[in-house]
Amino acid sequence: MSYKVIARKYRPQTFAEIVGQQHVTRTLANAIESGRVAHAYIFSGVRGVGKTTAARVLAKCLNCAKGPTSEPDNTCDSCREISAGTSLDVLEIDAASNRGIDQIRELREMVRYAPAAARYKVVILDEAHQLTDEASNALLKTLEEPPDRVVFILATTRAEDLVETIKSRAQLFQFRLLTFREISDQIEKIAKAENLEIDSGAVAVLARAAEGSLRDGLSLLEQAIAYAGDTIRDAQVRELLGVVAESTLDELVGAIETQSAERALTLVHRLIADGQNLRHFCRESIRHMRNLLVARVCGADSELIAAPEQERPRLADQAARFSEEDLTRFFNILLSTEDDLRRKPDQRLHLELGLLKMVNAQRLAPLEEAISELRGEHRPTPSTHSASAASPSGVRQAQSVRSSAAAAAAARMAPVPESNVSPAPFQPTPASHTASPLPVPASPPQRVAELDRVKSALRNSRLLSSFLEHATRCETESGEFRIFFSTENRTLTEMLPREAMERLRTVVHQVFGQPLRVCVRLEAARGAATRGSELRARFEEDPIVRAMLEKFGGQITRVKRPGEE
Ligand SMILES: Nc1ncnc2c1ncn2[C@@H]1O[C@H](COP(=O)(O)OP(=O)(O)O)[C@@H](O)[C@H]1O
Ligand SMILES: [Mg+2]
Ligand SMILES: [Zn+2]
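Because the structure is predicted, anything quoted here is derived from the model rather than measured. (Residues numbered from 1 in each chain as written. Chains lettered and ligands numbered in written order. Predicted model: local features only at pLDDT ≥ 70, side-chain atom pairs only at ≥ 80, totals over all residues.)

1. Thoughts on the overall build of the protein chain
- In terms of regular secondary structure, the protein chain is built from 25 helices and 12 strands.
- Within the protein chain, buried positions represent 37% of all 565 residues. (Helix = DSSP H or I, 4+ residues; strand = E, 2+ residues; numbered from the N terminus. Buried ≥ 20, exposed ≤ 12 C-beta atoms within 10 Å, placed from the backbone.)

2. Some points on the confidence of the model for the protein chain
- Model confidence for the protein chain is summarised by a mean pLDDT of 79, while 76% of its residues fall at 70 or above.
- The low-confidence segment residues 379–444 (pLDDT under 50) makes 119 contacts with residues lying over four places distant or belonging to another chain. (pLDDT = per-residue confidence, 0-100. Contact = placed C-beta atoms within 7 Å.)

3. Overview of the site of ligand 1
- Inspection of the region around ligand 1 gives 21 residues, with Arg-11, Gly-50, Lys-51, Thr-52 and Thr-53 positioned closest.
- Put simply, the parts of the chain that give the shell around ligand 1 at least two residues each are helix H1 (6–9), helix H3 (51–63) and helix H10 (214–228).
- In terms of residue class, the shell around ligand 1 is made up of 9 nonpolar, 7 polar and 5 charged.
- When residues of the shell around ligand 1 are assigned to domains, at least three map to each of domain 1 (3–174) and domain 2 (180–241). (Near = placed C-beta within 6 Å. Nonpolar A, V, L, I, M, F, W, Y, C, P; charged D, E, K, R; others polar. Domains from an automatic or database assignment.)

4. Quick notes on helix H4 (residues 77–84)
- Where H4 is concerned, the buried positions are Ser-78, Cys-79 and Ile-82. The arc enclosing the buried residues of H4, seen along the axis, measures out at 100°, which places them on a common side. Those residues of H4 that are exposed and angled more than 90 degrees off the buried face are Asp-77 and Ala-84.
- Summarising the contacts, the buried residues of H4 are in contact with H3 and strand E2 (90–94).
- Directly beyond the C-terminal end of H4, a positive phi value near 80° is found at Gly-85. (Arc of directions from axis to C-beta.)

5. Some thoughts on the environment of Tyr-120
- Among the secondary structure elements, Tyr-120 is positioned in the loop between helix H5 (101–112) and strand E3 (121–126).
- C-beta crowding within 10 Å serves as the criterion here: with 20 such atoms nearby, Tyr-120 is assigned to the buried category.
- Separated by 57 residues in sequence, Tyr-120 and Asn-63 have C-alpha atoms that sit 6.3 Å apart.

6. Focus: unusual backbone geometry
- Even without being glycine, Glu-127 reaches a positive phi, approximately 50°.
- By the element assignment, Glu-127 lies in the loop between E3 and helix H6 (133–144).
- Judged by C-beta crowding, with 19 C-beta atoms within 10 Å, Glu-127 ranks as partly exposed.
- Its identity is not glycine, yet Glu-211 carries a phi of approximately 45°, on the positive side.
- With respect to the helices, strands and loops of the structure, Glu-211 is situated in the loop between helix H9 (200–209) and H10.

7. Here's the deal with the nonpolar core
- One finds Ile-153 and Leu-206 to be the most contacted residues of the largest nonpolar core, which totals 103 residues.
- Apart from residues lying up to four places away in sequence, Ile-153 is in contact with Tyr-41, Phe-43, Ala-55, Leu-58, Val-122, Val-123, Ile-124 and Leu-125.
- Counting 12 residues, the second-largest nonpolar core is a separate cluster that includes Val-454, Leu-464, Ala-471 and Val-508. (Core = buried A, V, L, I, M, F, W, Y, C linked by C-beta atoms within 7 Å.)

8. Observations regarding the sheet that holds strand E11 (residues 517–523)
- Spatially, E9-E10-E11 is the arrangement adopted by the 3 strands of the open sheet, whose pairing is mixed. Each having just a single partner strand, strand E9 (473–477) and E11 make up the two edges of the open sheet. Neighbouring strand axes in the sheet, compared pairwise and without regard to direction, differ in orientation by 25° on average. (Pairing = 2+ DSSP bridges. Axes fitted to C-alpha atoms, helices over the stretch in contact; angles between N-to-C directions.)

9. Here we look at H9
- For H9, every residue scored as buried is listed here: Ala-202, Val-203, Ala-204, Val-205, Leu-206 and Ala-207.
- Buried residues belonging to H9 abut helix H8 (180–193), strand E6 (197–198), H10, strand E7 (231–232) and helix H11 (234–241).
- One or two residues past the end of H9 sits Glu-211, with phi positive at roughly 45°.

10. Things to note about the sheet that holds strand E4 (residues 150–156)
- Sheet architecture is open: 5 strands sit in the order E2-E3-E4-E1-E5, paired in parallel fashion. Whereas interior strands pair on both sides, the edge strands pair on one side only; in this sheet they are E2 and strand E5 (171–174). Pairwise comparison of adjacent strand axes, ignoring direction, gives a mean angle of 15° for this sheet.
- Summarising the sheet, strand E1 (residues 40–44) and E4 pair through 5 bridges and their orientation is parallel.

11. Looking at the environment of Ala-524
- Within the element layout of this structure, Ala-524 appears in the loop between E11 and helix H24 (532–541).
- A C-alpha to C-alpha distance of 9.8 Å links Ala-524 and Phe-484, two positions 40 residues apart in sequence.

12. Quick word on the pairing of E1
- Buried residues dominate E1, accounting for 5 of its 5 residues.
- Going residue by residue along E1, you find Ala-40, Ile-42 and Ser-44 tucked away on one face and Tyr-41 and Phe-43 tucked away on the opposite face as well.
- One ladder, built from 4 bridges, connects E1 with E5; its direction is parallel. Across the sheet, the residue bridging to Phe-43 is Phe-173, located in E5.

13. Examining the packing of helix H12 (residues 246–257) against helix H13 (residues 261–273)
- Relative to each other, H12 and H13 sit at 155°, their axes nearing to 7 Å. Of the possible angle classes, the one that applies to H12 and H13 is roughly antiparallel. Between H12 and H13 lies a crossing whose hand is left-handed. Contacts between H12 and H13 involve Glu-251, Leu-252, Gly-254 and Ala-255 from the first element and Arg-263, Ala-264 and Leu-267 from the second. (Parallel < 35°, antiparallel > 145°, perpendicular 65-115°, else oblique. Left-handed = near helix turned anticlockwise from the far one by under 90°.)

14. Overview of the pairing of strand E10 (residues 480–486)
- Judged from the 5 bridges that link them, E9 and E10 form a sheet pairing that is antiparallel. In the strand pairing of E10, Arg-473 is matched with Phe-484.
- Count of turn residues in the E9/E10 antiparallel hairpin: 2 residues, of which Ser-478 carries a positive phi of about 35°.
- Sheet analysis places E10 next to E11, joined by 7 bridges and oriented parallel. Paired with Ser-486 across the two strands is Glu-523, which belongs to E11.

15. Observations regarding the packing of H8 against H9
- Packing of H8 against H9 brings their axes to within 9 Å, and their N-to-C directions diverge by 130°. With respect to H9, the element H8 is oriented oblique. At the point where H8 passes H9, the crossing takes the right-handed sense. Residues Phe-180, Ile-183, Ser-184, Ile-187 and Glu-188 of H8 form the contact with H9, whose participating residues are Val-203, Ala-204, Leu-206, Ala-207 and Arg-208.
- Grouping the constituent residues of the contact of H8 with H9 by class yields 7 nonpolar, 1 polar and 2 charged.

Spelled out as structure tokens, the structure:
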């Protein structure tokens, strides 16, 4: 059979079959049963949510041989004519193509004559907001002296554009977007009736792409059938619609969670190698991150998430690995990345930057706070993490992620810059402990302080801050301010845009009170010869590390070099 017709073939024939618009259908059914049908209705809502369908059912209710009834039989001549679109009593006019006054005059002529006995004339005006002013006025005149047994239904996607005088004479029904579940249920039902074999994952992809419009969902189903035949697989539909595989999104979340710049950059590399559209990937990531945020705030079974049942545990699991704040930050970063991808050349660069920002986002915020506290700069609010306290189950986890992130970041600041702390299980700190005064650390070596000053002057530049976060050390020599990165961060150093370098130069000038050339240097991870025990001893003595451990209530379980497993 031709699949061009699925939407038409499965057009609901009764109010009961119309999905998701009960607030409309119930009111209409009651009006019919109690004989209080209005002269004019406005059906407002986006395309493909049931406006025309409901208008035709209403026409059948009024003109059914058994009617007026709220349950037309769909077998009498009248019902069948209306379904086939051949009824002389039901006029469908597309205002978008019949905008002229002539059509409205004709229409007035037509409705002037009373319909055949016991019948109604039903005028369905589609895209009614597109009528010209003249046509609207003519329509208004008709509505001011409504002829008996004539019902106008103005269907529109933009009720706000209808003239006020018309609106005030009509009863307004707002058709809503259909939910993900309503659409996927309907697709499944129709697939079954058509003897299709379709994965639940494929149904989910279609339903999501429909974005609330059932008609769109059904035409996507038609496309899928044309593409895949009677057996429709998840992967085929993703391919057809260019939807990013879930595993790719999982990898993104994994890279952020493990704070692995390398994984993030590899991911971008793979997307490009696979010929994926980067903007599309970014939008899909936004959708995913938003789902995680909703799962974190409202729970993974929320209606606000467009995902099938079997995907929800995965969302819940991923959401639990981050705090609400972190997820909000990721969401924001992705939104501005999407904006960059849209407006600027070199999409790869901007996507890479965006992903690196997320990779670093978790350690930046706590680090800034911790450092300013260690310096004795007391903030008015002791903690900005209180938001996560709203979801008790998340507190412990969020705190432990932060603590280890902060300690790891501190390790980079320490006199042994090449060392690192592996994420360790931290005990949540009792509140009283957090409140106790911090030990005053001895001032760290000069070079760290310098880098520190540059960093704090750049606090407002998220790009440069996250860039400098990767620096292992710095030195000032022969008129140069040298910032060192380990060789594994080569890509990062190559990615810094020229404007950012300019800004860095200006800030360095301000901090040192003299113009210095800014040089970015790579060096192999140093101290490879240093034995583990020595490294650990140096680490344990470091005042910042000690203060961090005290503040966050942690333990050093292992000291390792970057890149060490
Ligand atoms: N609420 C709904 N319930 C069931 N099917 C619907 C619904 N909305 C749309 N459809 C499907 O989409 C097709 C087009 O719907 P239609 O009523 O013409 O949308 P609209 O007039 O709002 O643009 C219908 O034939 C039907 O298959
Ligand atoms: Mg319509
Ligand atoms: Zn009938």
